[in-house]
Amino acid sequence: MSLLKVNDLKVHFPIRGGFFKRVVDYVRATDGISFEIEPGETYGLVGESGCGKTTTGRAVIGLNHVTSGEILFEGKDIAKLRGKEKRLHTRDIQMIFQDPYSSLNSRKRVLDIVAEPLRNFERLSPDEELSRVQALVERVGLNPEAVYRYPHQFSGGQRQRIGIARALTLNPKLIIADEPVSALDVSVQAQVLNFMQDIQKEFNLSYLFISHDLGVVQHLCDRIGIMYRGRLVEEGLAEDIYENPQHIYTKRLISAIPEMDPAKRLEKTHLRQAIDEEYYAGYEQSFDENGRLFDLKKISDSHSVSTP
Ligand SMILES: Nc1ncnc2c1ncn2[C@@H]1O[C@H](COP(=O)(O)OP(=O)(O)OP(=O)(O)O)[C@@H](O)[C@H]1O
Ligand SMILES: [Mg+2]
């Protein structure tokens, strides 16, 4: 059984207008997407800014209301749960946020930040709590004394490690990592990503890894879903996506990965221009008569593409 199975998930936000603030339309931020994550697997959700990645992640963890669809976690539909019952069933899902500067409460000490999820679920004595938190803080590579300090006393990379320690406190099964390194320096990004891979094995974690950049997730994901305007346009094993991309939008994301080898840069620029032309010329053909992206169709056991 999959750890997480998302079935035709829709999250629509009402747009209000006019004198009576009536609902005039909806933002279809997530508009019918389905995917599964196996235990221990890393699934990448990749697409441009505004395509609905965060909305999808927040819906899975229960921070966004669900318009329709199912979110089966270990077989139980958590989209329909509310309140305390929901909290109980989602304690095995934690989130790491995009921006380590604003996602940590600046007035709280690291001890209180990391212990907060624990306090919601377990009754520990102050000593037990302290030693649990210190062990985690050490595990993410910080000094145990760090628990008495405040977020502003740390660098961006260190703050993201605090965010990771917090996500690990309850021993979750799934971590939703929403652009966890995009606010960090390139030199620190690799460190944090490597670290996330190390703890994945140790804690037997599954990741839903959200990114706008196919370059960042290249060596991280087992499978990848390419998201565009609230829908998936392609899904497959990492090698399907990088070696054999089918949808023009996927090809475009791949052509946007920076070329490290200066000798190949010019060639890459030409390729990018050719793909851009194909993209604009064929744009209309990606949508059905209602302006909706086509459903995914299987082209191999592991690989599906949105086509008419
Ligand atoms: N609470 C909300 N109310 C209304 N509209 C929203 C809300 N949250 C998100 N949206 C809209 O839904 C769409 C998808 O937003 P979302 O944050 O999921 O995108 P994203 O893929 O995470 O983008 P980014 O890469 O910039 O983080 C956007 O058009 C956004 O304006
Ligand atoms: Mg986002």
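Notes on the structure follow. (Residues numbered from 1 in each chain as written. Chains lettered and ligands numbered in written order. Predicted model: local features only at pLDDT ≥ 70, side-chain atom pairs only at ≥ 80, totals over all residues.)

### Thoughts on the overall build of the protein
For step 1, the next point in the chain: Helices and strands together make up the secondary structure of the protein, namely 9 helices and 12 strands.
For step 2, the next point in the chain: Relative to the 2.2 N^0.38 estimate, which gives 19 Å for 308 residues, the radius of gyration of the protein is 21 Å and therefore close to what a compact globule would have.
For step 3, the next point in the chain: Viewed in the frame of its principal axes, the protein has a C-alpha envelope of about 65 × 55 × 45 Å.
For step 4, the next point in the chain: Looking at the 308 residues of the protein, the share that counts as buried comes to 36%.
For step 5, the next point in the chain: A separation of at least 24 residues holds for 64% of the contacts in the protein among residues at least 6 apart in sequence. (Helix = DSSP H or I, 4+ residues; strand = E, 2+ residues; numbered from the N terminus. Rg over C-alpha atoms; globule rule 2.2 N^0.38 Å. Buried ≥ 20, exposed ≤ 12 C-beta atoms within 10 Å, placed from the backbone. Contact = placed C-beta atoms within 7 Å.)

### Brief notes about the site of ligand 1
For step 1, the next point in the chain: Around ligand 1 sit Phe13, Val27, Ala29, Ser49, Gly50, Cys51, Gly52, Lys53, Thr54, Thr55 and His212, and that is every residue in its neighbourhood.
For step 2, the next point in the chain: Grouping the constituent residues of the shell around ligand 1 by class yields 4 nonpolar, 6 polar and 1 charged. (Near = placed C-beta within 6 Å. Nonpolar A, V, L, I, M, F, W, Y, C, P; charged D, E, K, R; others polar.)

### A look at the packing of helix 3 (residues 110–121) against helix 4 (residues 126–139)
For step 1, the next point in the chain: Packing of helix 3 against helix 4 brings their axes to within 10 Å, and their N-to-C directions diverge by 105 degrees. The pairing of helix 3 with helix 4 is recorded here as roughly perpendicular in orientation. Across from Val110, Leu111, Val114, Ala115 and Leu118 in helix 3, the residues of helix 4 making contact are Glu129, Leu130, Arg132, Val133, Leu136 and Val137.
For step 2, the next point in the chain: Split by residue class, the contact of helix 3 with helix 4 holds 9 nonpolar, no polar and 2 charged. (Axes fitted to C-alpha atoms, helices over the stretch in contact; angles between N-to-C directions. Parallel < 35°, antiparallel > 145°, perpendicular 65-115°, else oblique.)

### Some points on the packing of helix 3 against helix 5 (residues 156–168)
For step 1, the next point in the chain: At a closest axis distance of 7 Å, the pairing of helix 3 and helix 5 adopts a crossing angle of 35 degrees. Residue-level inspection shows Val110, Ile113, Val114 and Pro117 of helix 3 in contact with helix 5, the latter providing Ile162, Ala165 and Arg166.
For step 2, the next point in the chain: Residues belonging to the contact of helix 3 with helix 5 are distributed by class as follows: 6 nonpolar, no polar and 1 charged.

### Topic: the sheet that holds strand 5 (residues 76–77)
For step 1, the next point in the chain: The 4 strands are arranged 2-1-4-5 in an open sheet whose pairing can be described as antiparallel. One side of each edge strand has no neighbouring strand; the edge strands of this open sheet are strand 2 (22–37) and strand 5.
For step 2, the next point in the chain: Packing of helix 1 (residues 53–61) onto the sheet brings it into contact with strand 1 (4–17), strand 2 and strand 4 (68–73), and relative to strand 1 it is tilted by some 115 degrees. (Pairing = 2+ DSSP bridges.)

### Looking at the environment of Ile257
For step 1, the next point in the chain: Its location among the elements puts Ile257 in the loop between helix 8 (248–255) and helix 9 (265–282).
For step 2, the next point in the chain: The class for Ile257 is partly exposed, based on 15 C-beta atoms found within 10 Å.
For step 3, the next point in the chain: For the pair Ile257 and Asp213, spaced 44 residues apart in sequence, the C-alpha separation works out to 7.4 Å.
For step 4, the next point in the chain: The residues contacting Ile257, other than those within four sequence positions of it, are Leu214 and Gly215.

### Points about the sheet that holds strand 10 (residues 231–237)
For step 1, the next point in the chain: Ordered by their spatial adjacency, 8 strands build an open sheet running 6-7-8-3-9-10-12-11, and the pairing between neighbours is mixed. Since the sheet does not close on itself, it has two edges, and those belong to strand 6 (93–96) and strand 11 (296–298), each with one partner. Direction aside, the axes of adjacent strands within the sheet are offset by 20 degrees on average.
For step 2, the next point in the chain: Examined bridge by bridge, strand 6 and strand 7 (residues 174–178) share 4 bridges and lie parallel to one another. Looking at strand 7, one finds that Met95 is bridged to Ile176.

### Brief notes about helix 6 (residues 186–203)
Turn by turn, an α-helix covers 3.6 residues, leaving residues three or four places apart pointing in a common direction.
For step 1, the next point in the chain: Helix length check: helix 6, at 18 residues, gives a terminal C-alpha distance of 26 Å against a target of 26 Å (1.5 Å per residue), a fit within 8%.
For step 2, the next point in the chain: Phi turns positive, to about 55 degrees, at Asn204, one or two residues after helix 6. (Expected span 1.5 Å × (residues − 1).)

### Observations regarding the environment of Lys264
For step 1, the next point in the chain: As for its placement among the helices and strands, Lys264 is situated in the loop between helix 8 and helix 9.
For step 2, the next point in the chain: A C-alpha to C-alpha distance of 38 Å links Lys264 and Val140, two positions 124 residues apart in sequence.

### Topic: the nonpolar core
For step 1, the next point in the chain: If you look at the biggest cluster of nonpolar residues, it comprises 68 residues, and the most contacted ones within it are Val60, Val114, Val137, Ile176, Leu208 and Ile226.
For step 2, the next point in the chain: Of all the elements, helix 5 adds the most residues to this core, at 5 residues.
For step 3, the next point in the chain: Aside from chain neighbours lying at most four places away, what touches Ile176 is Gly57, Val60, Ile61, Ile93, Met95 and Leu208. (Core = buried A, V, L, I, M, F, W, Y, C linked by C-beta atoms within 7 Å.)

### Section: the pairing of strand 10
For step 1, the next point in the chain: Burial runs high along strand 10: 6 of the 7 residues are buried.
For step 2, the next point in the chain: Bridging between strand 9 (residues 223–228) and strand 10 involves 6 bridges; their strand directions are antiparallel. Looking across to strand 10, one finds that Ile226 is bridged to Glu234.
For step 3, the next point in the chain: The antiparallel pairing of strand 9 with strand 10 creates a hairpin that spans 2 residues between the two strands, and Arg229 there sits at a positive phi of about 45 degrees.
For step 4, the next point in the chain: Taken together, the 2 bridges between strand 10 and strand 12 (residues 304–306) define a ladder with antiparallel strand orientation. Along strand 12, the bridge assignment pairs Glu235 with Ser304.

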